[in-house]
Amino acid sequence: MENVVKEPRIVTRKFLARPQHEGVGAIVRRSIGRFELKYFDPFLLMDEFSVSAPAGFPDHPHRGFETVTYMLQGCLAHEDFEGHKGTIGDGDLQWMTAGRGIVHSEMPASQGTQKGLQLWINLSSKHKMIDPSYQEIASKDIPEAAKEGIKVKVIAGEALGAKSPIYTNTPTMYLDFTLKPGAHLEQPIPISWNAFVYVLEGKGIFGNSKSLPVTAHNLLLLGLGDGLEAWNKTSKPLRFVLVGGEPLGEPVVQFGPFVMNTQEEIDQTIEDYENCTNGFEKARHWRSEATLGLDY
Ligand code: FJE
Ligand code: FE
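Residues take numbers from 1 onward in each chain, read along the sequence in its written order. Written order determines the labels here, with chains lettered from A and ligands numbered from 1. The model is predicted, so local features are restricted to residues of pLDDT at least 70 and side-chain atom pairs to those at 80 or more, both for listing and for counting; the totals for chains, interfaces and linings are taken over all residues. To obtain the side-chain values, all non-hydrogen atoms of the structure were included, while hydrogens and water were left out.

A. Main features of the overall build of the protein chain. Broken down by element type, the protein chain carries two helices and 25 strands. Here the C-alpha radius of gyration of the protein chain, 19 Å, is about what a compact globule of 296 residues would show, namely 19 Å. By its C-alpha atoms, the protein chain is 60 × 40 × 35 Å across when sized along the principal axes. Between buried and exposed lies partly exposed: a residue is buried under 20% and exposed over 50% of the maximum accessible area for its type, with that area taken using a 1.4 Å probe on protein chains only. Residues classed as buried in the protein chain amount to 52% of the 296 residues present. Residue pairs at least 24 apart in sequence account for 71% of intrachain contacts in the protein chain once pairs closer than 6 positions are excluded. Only the protein chains shown count as covering a residue, and every accessible area follows the Shrake-Rupley method with a 1.4 Å probe. When the accessible surface of the protein chain is split by element, carbon and sulfur atoms take 52% of a total near 13,100 Å². Where the 29 positive side-chain charges of the protein chain centre and where its 37 negative ones centre are 8 Å apart. Helix numbers and strand numbers start at the N terminus; a helix is a DSSP run of H or I with at least 4 residues, a strand a run of E with at least 2. Only the C-alpha atoms count toward the radius of gyration. The rule for a globule is 2.2 Å times the residue count to the power 0.38. Only heavy atoms enter the contact rule, under which two residues are in contact if any of them lie within 4.5 Å. When charges are tallied, Lys and Arg are placed among the positive residues and Asp and Glu among the negative ones, while His and the ends of the chain are skipped. Each charge is placed at NZ for Lys, CZ for Arg, CG for Asp and CD for Glu.

Pasting the structure below:
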């Protein structure tokens with residue numbers, strides 16, 4: 001691989017994601033979406049979550065964006081108010097377009113601790129009210145490629161010749177890299193996109209070969225350039241995700257799980273949710289099976 005990256009992006013900011021409480025008894029390490037980093041266009045939230053039964057994320061709504069759930073350990077059961085349900089296991093991916101409205105639950109489906117990443121991607125004004133939809137890929141079906149000590153699972157976009165089947169309403173790349181000791185990565189990123197790295201395991205050098213190593217639970221914002229360079233200079237594996245997206249450049253008004261362009265649209269959304277209208281019709285008599293016996 002020779003000089004596929006000509007102007008490597010450097011790390012402009014680093015955020016350590018510390019554990020905090022979210023949902024009901026769940027723990028999340030939030031990087032994007034916290035006070036100091038409310039929005040990294042088009043990304044609204046990046047949570048590394050950890051849940052054990054009976055904790056979880058019982059019935060709640062979404063409108064105006066997509067949620068991408070990528071499991072790292074264990075199993076998550078999900079069900080929504082349209083009857084769509086299933087489990088997302090180890091290494092599986094759920095790409096959910098909430099569009100005009102979803103009400104669902106996300107709860108542990110096995111013993112022990114369930115871990116994963118949940119990314120929220122904003123939708124442009126022309127996509128906010130589209131029909132809700134799902135794209136789900138089992139771990140074994142996520143395209144994978146390997147070369148020179150680098151392994152990549154391609155969740156969205158393409159890398160090392162492998163291409164994801166995921167359709168992105170907001171143009172997005174999402175790559176899960178593992179670098180063996182001594183490996184050096186050069187990964188192109190479209191020049192106008194925002195991009196970040198989230199470290200899962202090991203110690204990595206990112207951007208500049210002389211920079212300090214970065215450990216797990218750190219999010220790195222990348223500056224301008226046409227790609228990422230990363231090195232594993234340790235004797236253990238390095239695992240991280242690289243996520244990039246085309247900025248929407250639109251105003252963002254967020255009220256919890258509702259993300260629109262204006263306050264008027266948020267007011268309308270709250271009204272729609274309360275009255276079960278404009279996409280929330282099926283919320284009227286619905287309660288998830290997962291929470292029926294529970295005291296939420
Ligand atoms: C939540 C709105 C939400 N991080 N990580 C408000 F949508 C949520 C929520 C989640 C979530 C779910 C999973 Cl499976 C993983 C997550 C936020 O469902 F917790 C609040 N308070
Ligand atoms: Fe949710």
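From this point, the narrative continues.
B. Just the coordination of the iron ion (ligand 2), in detail. Any N, O or S atom lying within 2.8 Å of the metal counts as a donor, and for Na, K and Ca the limit rises to 3.2 Å; water is left out, so some sites can look incomplete. At the metal site, the iron ion (ligand 2) is ligated by H60 (NE2), H62 (NE2), H104 (NE2) and E106 (OE), and these contacts range over 2.1 to 2.3 Å. Angle rules define the geometry names used: all angles between 85 and 135 degrees makes four donors tetrahedral, while opposite donors over 155 degrees apart and all other angles between 65 and 115 make four donors square planar and six octahedral, leaving every other case irregular. Relative to the metal, the four donor atoms surrounding the iron ion (ligand 2) lie at angles of 83 to 176 degrees, and the coordination shape comes out irregular. Read N to C, the donor residues that coordinate the iron ion (ligand 2) are spaced as H-x1-H-x41-H-x1-E. Assigned by exposure class, H60 and H62 land together as buried.

C. Region of interest: the UniProt feature "binding site: Fe cation" (unreviewed entry) in the protein chain. Under the present numbering, the feature "binding site: Fe cation" (unreviewed entry) in UniProt falls on H60, H62, H104 and E106. These annotated residues cover 47 residues of sequence, and their C-alpha atoms lie no more than 12.5 Å from one another, placing them together at a single site. Following the sequence through the fold, H62 ends up in strand β5 (residues 57-62). With near-sequence residues (within four places) excluded, H62 lies in contact with T67, M96, A98, G101, I102, H104, E106, W120, P257, F258 and F280. Here H60 takes part through its side chain, which lies 3.1 Å from a polar atom of the side chain of H62. Structurally, the position occupied by H104 is in strand β10 (residues 102-108). Contact partners of H104, with chain neighbours within four places excluded, come to P58, D59, H60, H62, E79, D80, M96 and W286. UniProt positions are given in the numbering used here, feature names are shortened, and annotations may be inferred rather than shown by experiment. The term polar contact refers here to a pair of N or O atoms within 3.5 Å; inside protein, the definition further demands a hydrogen-donor-capable atom paired with an acceptor-capable atom, and it admits residues adjacent in sequence only when both atoms are side-chain atoms.

D. A look at the packing of aromatic side chains. Geometry of aromatic contacts follows a simple scheme: Phe, Tyr and Trp rings, the Trp one being its six-membered ring, pair when their centres are within 6.5 Å, and the pair is stacked under 30 degrees between planes, edge-to-face over 60, tilted otherwise. For the structure on display, the rule yields ten aromatic pairs. A centroid spacing of 6.5 Å and a plane angle of 85 degrees characterise the contact between F49 and F57, whose relative ring orientation is edge-to-face. F49 gets classed as buried once you look at its relative accessible area, which sits at 4%. Centre to centre, the rings of Y273 and F280 are 5.3 Å apart; their planes meet at 70 degrees, and the pair counts as edge-to-face. Y273 sits in the partly exposed class, given a relative accessible area of 31%. Put simply, the rings of F40, F43 and F196 touch in pairs and so form one group of aromatic residues.

E. Structural view of the pairing of β10. Extensive coverage of β10 is indicated by the burial of seven of its seven residues. Any two strands are treated as partners once DSSP identifies two or more bridges connecting them. Across four bridges, the pairing between β5 and β10 is antiparallel. From the neighbouring strand, P61 faces β10, where its bridge partner is V103.

F. Looking closely at the side chain of Q187. Its location among the elements puts Q187 in strand β18 (residues 184-188). When sequence neighbours within four positions are dropped, the list of residues in contact with Q187 reads V5, E158, A159, M173, L175, F177, D226, G227, L228 and L242.

G. Examining the site of ligand 1 more closely. We call a residue near a molecule or strand when any one of its heavy atoms sits within 4 Å of it. Lining the immediate environment of ligand 1, one finds E22, G23, D47, F49, F57, H60, H62, L76, E106, Q118, W120 and P257. A distance of 2.5 Å separates a nitrogen atom of ligand 1 from a polar atom in the side chain of E22. Computed on the free molecule, ligand 1 has an accessible area of 450 Å², of which 87% lies beneath the protein chains in the complex. Breaking the shell around ligand 1 down by element, the ones donating at least two residues are β4 (43-51), β5 and β11 (114-122). Residue contributions to the shell around ligand 1 peak at three residues, all from β5.

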